[in-house]
Amino acid sequence: MLPRVSKLTTAAKRMVVGRPFRSDSLGHTLLPKRIALPVFASDALSSVAYAPEEIFLVLSVAGLSAYVYAPWIGLAVAVVMAVVVASYRQNVHAYPSGGGDYEVATKNLGPTAGLTVGSALLVDYVLTVAVSISSAASNIGSAVPFVATHKVLFAVVAIALLTAMNLRGVRESGTMFAIPTYAFMFGMFAMLIWGFFRTDVLGETVHAESYGFELQSDEDHLLGIALVFLIARAFSSGCAALTGVEAISNGVPAFRKPKSRNAATTLLLLGVIAVTLFMSMIVLAQRVGIVYAENVKDLVGAPAGYEQKTLIAQLAHAVFSEFPIGFYFITIVTALILVLAANTAFNGFPVLASVLAQDRFLPRQLHTRGDRLAFSNGIVFLAGGAIAFVVLFGAEVTHLIQLYIVGVFVSFVLSQTGMLRHWTRLLRTETDPEQRARMKRSRVINAIGLTMTAAVLIIVLVTKFLAGAWIAIVTMASIFGLMKLIRRHYDTVARELDETEWDGVLPSRTHSIVLVSKLHLPTKRAISYARATRPDTLEAITVNVDEPDTRALVREWERSDISVPLKVIESPYREITKPVVDYVKRLRKDSPRDVVTVFIPEYVVGRWWEQLLHNQSALRLKGRLLFEPGVMVTSVPWQLSSSAKARREGEVSAPGAIRRGFGDGRG
């Protein structure tokens, strides 16, 4: 890269992501539990924020009488969440490397199952960002009309900002996100405690704004199997509260030591907070008489022009009826937590991608950390995928949500199955009674978790497949196939490089060629350098694309004191690259054991637009010659005055700068 452009690019990068960190400072970027909780909990907490609303929304099809099932559905979801949390606490102890579900499935069920989990989680992380940001755009858009009419633009900008924050490093981004996440938790607990205190202790009558509304429904037709199916669908929708729980098991490497213990403690705290908020919201929503429908037209008794608020907003409005600041506080922190929910994916996706890249299923660039010790390539890749989904679906949550949940429950099912096999395998060799009892308890928990998550997955597939879940499944299958192809490529390259033995036979001779267009200083320098390599044969060649210029060059060459012979290659179609390549091929055919070295003079310029005016023929020629066996290509740089000016302005003095054509090499 040119010095000036490089300097500007570096300055812009430092402004966005900050100064680079040394590798030995990695420990300083790891997360304590107080920061890890908001970093990894934002997705799960945001899911809890809208999961109760999904339950009431589905039940509204059967009318108000179906709301009586809401607490029981919520309890079933809470039990599933508790079982999943308990299971993942075992995961982080047994598999602390950060592979999470992928590692569990790979080691216990085989690479195909592991790759299935990996592809499902990668898609789910991308959708987490897309859904969360789009939902935040919708919520903020209800208060800010500009955002409502430019949701895609808002979502893209928000994803870009989150990307920049995470590129600055996991701890730094975690610190920035801790305050709003804790504010959400504080606001929610304050609202719920005050709401129950008013209704149960003070005995006050607290009603939501939708209290007393009726629902137009198919209540008379939803009996028997249809009602059971509706309850099952409401249960699957409520299970959206479980999304994000798996993130901690994938992010164990980001914790401070002892990593497993800290991750397990954080997971327990997340489970307790999520279950408490989830059940309390459902119970309080029933207490204040919230009536919620997918279409406002189905609300009988609603005044003209009524705009339905979200379930959280109705709860806050009812509980803080005499304290408007509380209502606005809840509204603001809820919008913030929806934005920050994407941050969980920004921490989980790069770690999982790094593990997959280490196993050669993804490009190796995703395995290494950037100069801020974050997995920069994974973060950028995630942002690009999320932006693509947002633009493709117009930032519409209704469309994106149909693609959601499938991936995480695929990983849940395979993870639970893998853990069952894990405990069964250990029990075959374990003789300590206490350890065996602990393993059997863990296996029971995993078995219950497998049963529940498998049932949820089946219901989700049945109820959401045609609504859009098929897109997520096709995407997962495509990523699965792509990762298989990447692994096959790396395996092929490894076999080729490892199994092919070099016979150690050196080339019999070296034949050097200097490419000439004019007899000027760059050409003379290239010839001098070629001579210094002491080839067996040295010649200069020029391609005849203009007869008068070629004749003038030959006359000037003959008058000079250069002893290297000049050969003219005819080009009836005025090409340069093909005649040179054909000439080199003929040399190789005549002497297969010779090595042909082509020296190409190139200009080093100081301005980006000057690069467009020079070296284009050299670039094309190098690109063709690189594919020819037994051919070496050497560029001989000549620094123009503009490059010297750029060198002085850039103050480049790094070791090796002279060799690259920059600076004096001191410093």
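Within each chain, residues carry numbers counting from 1 in the order of the written sequence. Thresholds applied to this predicted model are a pLDDT of at least 70 for local features of residues and 80 or more for the giving and counting of side-chain atom pairs; totals over whole chains, interfaces and linings are not thresholded and use all residues. Think of the side-chain values as coming from all heavy atoms in the structure, minus any hydrogens and water.

- Per an unreviewed UniProt entry, the protein chain is named Low-affinity putrescine importer PlaP, and its organism is Nocardia otitidiscaviarum.
- UniProt positions are given in the numbering used here, feature names are shortened, and annotations may be inferred rather than shown by experiment. What UniProt records for the protein chain under Subcellular location (unreviewed entry) is the sentence "Membrane".

**Remarks on the sheet that holds strand β4 (residues 537-544)**
Stage number 1. Pairing is parallel in the open sheet, where five strands are placed in the order β5-β4-β3-β6-β7. Two strands close off the open sheet at either side, each with one partner strand: β5 (566-570) and β7 (631-639). Averaged over all pairs of adjacent strands, the angle between their axes in this sheet comes to 30 degrees, without regard to strand direction.
Stage number 2. Between any two strands, pairing holds if DSSP finds at least two bridges. Elements are defined by DSSP. Helices are runs of H or I of four residues or more, strands are runs of E of two residues or more, and each kind is numbered from the N terminus. Sheet analysis places strand β3 (residues 510-515) next to β4, joined by five bridges and oriented parallel. If you follow H511 over to β4, its bridge partner there is T537.
Stage number 3. The sheet contacts of helix α19 (residues 521-532) involve β3, β4, β6 (595-604) and β7, and relative to β7 the element is tilted by about 135 degrees. Lines fitted to C-alpha atoms define the axes here, with helix axes fitted over just the stretch in contact, and angles between the N-to-C directions of these axes take values from 0 to 180 degrees. By definition, residues are in contact when any of their heavy atoms lie within 4.5 Å.

**A word on helix α21 (residues 577-590)**
Stage number 1. With 14 residues, α21 extends 20 Å between its outermost C-alpha atoms, agreeing within 8% with the 20 Å of an ideal straight helix rising 1.5 Å per residue.
Stage number 2. Against β3, β4, β5, β6, α23 (616-625) and β7 lie the buried residues of α21. To estimate how far a helix should extend, the number of its residues minus one is multiplied by 1.5 Å.

**A word on the packing of aromatic side chains**
Stage number 1. To pair, rings of Phe, Tyr and Trp, with the six-membered ring standing in for Trp, must have centres within 6.5 Å; the planes then decide the type, stacked if under 30 degrees apart, edge-to-face if over 60, and tilted in the middle. By the definition in use, this model includes ten aromatic pairs.
Stage number 2. On the basis of an interplanar angle of 80 degrees and a centroid distance of 5.2 Å, the ring pair of F409 and F412 is categorised as edge-to-face. Of this pair, F409 and F412 both sit in helix α17 (residues 406-429), three residues apart, which is roughly one turn of the helix. Of the two residues, F409 and F412, both sit in the buried class.
Stage number 3. Each member of the aromatic cluster is reached from another via a ring pair, and the members are Y88, F409 and F412. Partly exposed residues are those whose accessible area sits between 20% and 50% of the maximum for their type, while under 20% is buried and over 50% is exposed, using a 1.4 Å probe and protein chains only.

**What about the packing of helix α14 (residues 324-358) against helix α15 (residues 376-392)?**
Stage number 1. Packing of α14 against α15 leaves a shortest axis separation of 8 Å and a crossing angle of 120 degrees. One element, α14, and the other, α15, form an angle in the oblique class. In this structure, α14 crosses over α15, and the sense of that crossing is right-handed. On α15, the residues that touch A345, F346, F349 and P350 of α14 are G378, I379, F381, L382 and A383.
Stage number 2. Residue composition of the contact of α14 with α15, by class: eight nonpolar, one polar and no charged. For classification purposes, angles smaller than 35 degrees are called roughly parallel, those larger than 145 roughly antiparallel, those between 65 and 115 roughly perpendicular, and all remaining angles oblique. Crossing handedness is defined as follows: a turn of the near helix away from the far one that is anticlockwise and smaller than a right angle gives a left-handed crossing, while the clockwise case is right-handed. Throughout this entry, Asp, Glu, Lys and Arg are counted as charged residues, while Ala, Val, Leu, Ile, Met, Phe, Trp, Tyr, Cys and Pro are counted as nonpolar. The remaining residues, Gly among them, count as polar.

**A look at the pairing of β5**
Stage number 1. Of the strand pairs in this sheet, β4 and β5 are connected by five bridges, and their pairing is parallel. Across the sheet, residue V543 finds its bridge partner in β5, namely I569.
Stage number 2. Read as a crossover between parallel neighbours, the route from β4 over helix α20 (residues 547-559) to β5 is right-handed. Here a crossover is taken to be right-handed if, once the strands point away from the viewer, the path from the first strand over the helix to the second is traced clockwise.

**Brief notes about the packing of helix α8 (residues 151-167) against α14**
For any two helices packed against each other, the geometry is given by the interaxial angle and the distance between the axes.
Stage number 1. Relative to each other, α8 and α14 sit at 50 degrees, their axes nearing to 10 Å. What the angle tells us is that α8 and α14 run oblique. The two elements α8 and α14 cross, and the hand of that crossing is right-handed. Note on element contacts: α14 touches α8 through V339, A342, N343, F346 and N347, opposite I159, L162, T163 and N166.
Stage number 2. In terms of residue class, the contact of α8 with α14 is made up of five nonpolar, four polar and no charged.

**A look at the pattern of salt bridges**
Pairs can form between side chains of opposite charge once their charged atoms are near each other.
Stage number 1. Whenever Lys or Arg places a side-chain nitrogen within 4 Å of a carboxyl oxygen from Asp or Glu, that contact is recorded as a salt bridge. What the rule picks out here adds up to eleven salt bridges.
Stage number 2. Measuring nitrogen to oxygen at the nearest pair gives 3.5 Å for the salt bridge that ties D594 to R509. Highlighted residues: D594 in the loop between α21 and β6 and R509 in the loop between α18 (433-499) and β3, separated in sequence by 85 residues.
Stage number 3. For E547, the salt bridge is made with R551, and the minimal N-O distance between the two is 3.0 Å. In this pair, E547 and R551 both sit in helix α20, four residues apart, roughly one turn of the helix.
Stage number 4. With a relative accessible area of 39%, E547 lands in the partly exposed category.
Stage number 5. The network of salt bridges with shared partners includes R360, R487 and D491.

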